[in-house]
Amino acid sequence: MNAFGLTPGSSHVVELQSPQGATITQFSPLTANGAGQAQATLDSTDTASVPDGSRLVILLDGQNGAIASEPVAQTPPIAAGQMSYQLQPVEVGPTGTSYGTPHIHLGSCSTQGPVQYMLMDFTANSQGQITHEVRTVTGVTTPVPATGWYLNLHQGDMNNILANGQPTLNFRPLLCANL
């Protein structure tokens, strides 16, 4: 499995789920590096065949609890004979969609870097849309470079995305755009 856009240093449970959403098997954990990338061969002891329509699902974290068991990415339905699938980001939560804090970072969506400019929190409406909100970045002395910056919208707000300088579960990038 090759993935990017994960929380830097995060560990994820990966499951094979039936077309009805039941867990068929869990794989060895998937761990992202400091740039939010993960490349691993995942192992399982299950030897049964994979039912058509099943999905490979990456969960937010390897810990217990409602937020930890939220899916962050999944494959399209698996079909017989197909060997390669593109992961699709998903936002599914027990209380609805949360759109957290955007930050302008150095790097790119596929190779995350440190925060260059912090933006104030945005607030989504009841339909999950951020509208009529403007943020101004001050102290910028050079134009936006042709490459090397990206905008990241995190699940949490600026008060809960880091703990002791390390990303928390709420650091999870919901949206990412290279600038």
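Going by the structure above, here's the rest.
I will try to describe carefully the structure that is included in this document. Not measured: the values here are computed from a predicted model.

## Some thoughts on the state of the cysteines
Part 1 of the argument: Within this structure, the stated rule accounts for one disulfide.
Part 2 of the argument: A disulfide bridge connects Cys109 with Cys176, and the sulfur atoms are separated by 2.0 Å. Across the S-S bond linking Cys109 and Cys176, the dihedral sits near -100°, which makes this disulfide left-handed. Placement of Cys109 in the loop between strand 10 (102-107) and strand 11 (112-118) and of Cys176 in strand 15 (residues 173-178) is noted, with a sequence separation of 67 residues between them.
Part 3 of the argument: Looking at Cys176, the relative accessible area reads 36%, which means it is partly exposed.

## Examining the sheet that holds strand 4 (residues 23-26)
Part 1 of the argument: Here five strands make up an open sheet; going across it, the order is 4-3-7-8-9 and the pairing antiparallel. In this open sheet, the two strands that pair with only one neighbour each are strand 4 and strand 9 (88-89).
Part 2 of the argument: Relative to strand 8 (residues 71-74), strand 7 (residues 55-59) runs antiparallel, the two being bridged by three bridges. Paired with Leu59 across the two strands is Pro71, which belongs to strand 8.

Reading the values: rules and limits
Residues numbered from 1 in each chain as written. Predicted model: local features only at pLDDT ≥ 70, side-chain atom pairs only at ≥ 80, totals over all residues. Heavy atoms only, no water. Disulfide = S-S within 2.5 Å. Helix = DSSP H or I, 4+ residues; strand = E, 2+ residues; numbered from the N terminus. Buried < 20%, exposed > 50% of the residue type's maximum accessible area, 1.4 Å probe, protein only. Pairing = 2+ DSSP bridges.

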